[in-house]
Amino acid sequence: MAVKVLVVDDSSFFRRRVSEIINQDPMMEVVDTAKNGKEAVEKAASLRPDVITMDIEMPVMDGISAVREIMARTPTPILMFSSLTHEGAKATLDALDAGALDFLPKKFEDIARDKEEAISLLQQRVKAIARRRVFASPSRPLPTSTASGATQASAAGLRISQRASITASTGERLTTAAPAAPVNFKRSGKQYQLMAIGTSTGGPVALQTVLTQLPADFPYPILLIQHMPATFTAAFASRLNGLCKIAVKEAEDGDILRPGTAYLAPGGRQMLVDGRPGGARIRIMDGNDKVNYKPCVDITFASAAKVYGDKVLAIVLTGMGADGRDGARLLHGHGSVIWAQDEASCVVYGMPQAVVKADLAAEVLPLERIAQRIMVEVKG
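This structure is a prediction, so every number in the text was calculated from the model and none was measured. (Residues numbered from 1 in each chain as written. Predicted model: local features only at pLDDT ≥ 70, side-chain atom pairs only at ≥ 80, totals over all residues. Heavy atoms only, no water.)

J.: So, the environment of Ala45: which residues are in play, and what are the values?
T.: Position of Ala45 among the secondary structure elements: in helix α2 (residues 37-47). The class for Ala45 is partly exposed, based on a relative accessible area of 41%. Counting along the chain gives 28 residues from Ala45 to Arg73, while the straight-line C-alpha distance between them is 7.6 Å. (Helix = DSSP H or I, 4+ residues; strand = E, 2+ residues; numbered from the N terminus. Buried < 20%, exposed > 50% of the residue type's maximum accessible area, 1.4 Å probe, protein only.)

J.: Tell me what's going on with the sheet that holds strand β11 (residues 247-250), and back it up with residues and numbers.
T.: Two orientations exist for strands paired in a sheet by backbone hydrogen bonds: parallel and antiparallel. Across the sheet, which stays open at both edges, the seven strands sit in the order β11-β12-β10-β9-β15-β16-β17 with parallel pairing between neighbours. In this open sheet, the two strands that pair with only one neighbour each are β11 and β17 (363-365). Averaged over all pairs of adjacent strands, the angle between their axes in this sheet comes to 20°, without regard to strand direction. Here strand β10 (residues 222-226) runs beside strand β12 (residues 261-264); their pairing, made up of three bridges, is parallel. (Pairing = 2+ DSSP bridges. Axes fitted to C-alpha atoms, helices over the stretch in contact; angles between N-to-C directions.)

J.: Explain the packing of helix α9 (residues 297-308) against helix α10 (residues 325-334) residue by residue, including any values.
T.: In the contact formed by α9 and α10, the axes pass within 7 Å of each other and the chain directions differ by 15°. Viewed along their axes, α9 and α10 adopt a mutual orientation that is roughly parallel. Relative to α10, the crossing made by α9 is left-handed. Taking contact as the criterion, the partners of Asp298, Phe301, Ala302, Ala304 and Ala305 in α9 are, on α10, Arg325, Asp326, Gly327, Ala328, Leu330, Leu331 and His334. In the contact of α9 with α10, the residues fall into seven nonpolar, two polar and three charged. (Parallel < 35°, antiparallel > 145°, perpendicular 65-115°, else oblique. Left-handed = near helix turned anticlockwise from the far one by under 90°. Contact = heavy atoms within 4.5 Å. Nonpolar A, V, L, I, M, F, W, Y, C, P; charged D, E, K, R; others polar.)

J.: Before we move on, can you summarise the environment of Tyr220 with the specific residues and values?
T.: With respect to the element layout, Tyr220 can be found in the loop between α7 (203-211) and β10. A C-alpha to C-alpha distance of 8.6 Å links Tyr220 and Leu257, two positions 37 residues apart in sequence. If sequence neighbours within four positions are ignored, Tyr220 has contacts with Tyr192, Gln193, Leu194, Met195, Arg258, Pro259, Gly260, Thr261 and Val378.

J.: If you had to explain unusual backbone geometry to someone new, which residues and values would you point to?
T.: For the peptide bond that leads from Lys294 to Pro295, omega is 10°, which places it in the cis range. Tracing the backbone shows Pro295 in the loop between β14 (281-285) and α9. A positive phi is found at Arg48, a non-glycine position, where the angle reads about 50°. Tracing the chain through its elements places Arg48 in the loop between α2 and β3 (51-55). Even without a glycine there, the phi angle at Asp359 is positive, about 60°. As for its placement among the helices and strands, Asp359 is situated in the loop between α11 (350-357) and β17.

J.: Help me get a handle on the environment of Asn184, residues and values and all.
T.: Mapped onto the secondary structure, Asn184 falls in the loop between β8 (173-175) and β9 (194-199). Considered as a pair, Asn184 and Arg373 are 189 residues apart in the sequence and their alpha carbons are 9.1 Å apart.

J.: Could you give me a rundown of the pairing of β3, with the residues and numbers involved?
T.: When you tally the buried positions in β3, you get five out of five residues, the bulk of the element. Neither face of β3 is exposed, since Val51, Thr53 and Asp55 on one face and Ile52 and Met54 on the opposite face are all buried. Inspection of the sheet shows β3 paired to strand β4 (residues 78-82) by four bridges, in the parallel sense. Each residue of the ladder has a partner; that of Asp55, found in β4, is Phe81. Considered for its hand, the β-α-β crossover made up of β3, helix α3 (residues 63-73) and β4 is right-handed. (Right-handed = clockwise from strand over helix to strand, strands pointing away.)

J.: Quick one: what's the story with the pattern of salt bridges, residue by residue and with numbers?
T.: Per the stated rule, a full pass over the model turns up 22 salt bridges. In this structure, Lys38 engages Glu42 in a salt bridge whose closest nitrogen and oxygen atoms are separated by 2.8 Å. One end of the pair is Lys38 and the other is Glu42, both in helix α2 and four residues apart, which spans about a single turn. Overlapping salt bridges, with partners in common, bring together Asp9, Asp55 and Lys106 in one network. (Salt bridge = Lys/Arg side-chain N within 4 Å of Asp/Glu carboxyl O.)

Spatial relationships are all this shows, so hold off on functional conclusions.
Pasting the structure below:
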């Protein structure tokens, strides 16, 4: 059965363009379009599409408000289209907070080297999120920032583990149980000096869920590699810094790695570690144009393996593709530990699955358990 898609945008040209691309794939079908958020909410309820593509800036009702309404009434996987500006980045992150699963730049030339690659990427993204279960959001908007981050983290946790959900491919409603009792994890006894986390599709919410639960005195520096455009990473780092107890910053060339600080790889560039444990620095460079991802999890993991050897705790979260597998293999070869997010809690299981299939993951964990497991491992 073809994936049913609702295309939402106030531009008739863009609606037509996106519809043509989606309909080129025999596995997908555009069932209708909407020119504003209000129409999108109504058509989501009446048509029950498998996926919705959504613009942010629209008349009558904007895309973020529409996402909140849809996720509260008829939860559906949503792919946002965003402008690559600072304001566009902030709005896209708000849309992800509201329940959207993924985003793409609205200018297709910004996401690919040629037209055919851009078409393929859009088709892949739509089909990938169509397979995923989504969760009903609270009926009122989630806060985008708080002094402590507790409110936001709690709300994100509700979306992940407590709310009714719907499987896009079948329309079958599922109800998840209330949060389970804490698991009695046991510390492995391994000693660490660095934590590194790689992720892509679904990563912004996943990273927020994990990092907001870490204490200010977290004992190691943290490297974050999230596939994200260059104009988005500064806004994302700033948002995380306002929500987390640990410090979070967009990584800069020459940054000295310090405990309790997370360094987010800047979009469009590569982040490496140089030096020695206890005095390591970050190096930011343009990297090879032949590398598909900027930033690339494999590259950062490989540099961490060279500097820290067996003292790295690496975690691969939700994302398309297999970025992180080769870097995890190098870390594993040095004796470091790799964990992977489980399939049920991923937006897209590609990256964690690649690590698991390569037999590199020491543990496979649901998203809502990862921070708890980290704290047991690093503090005993």
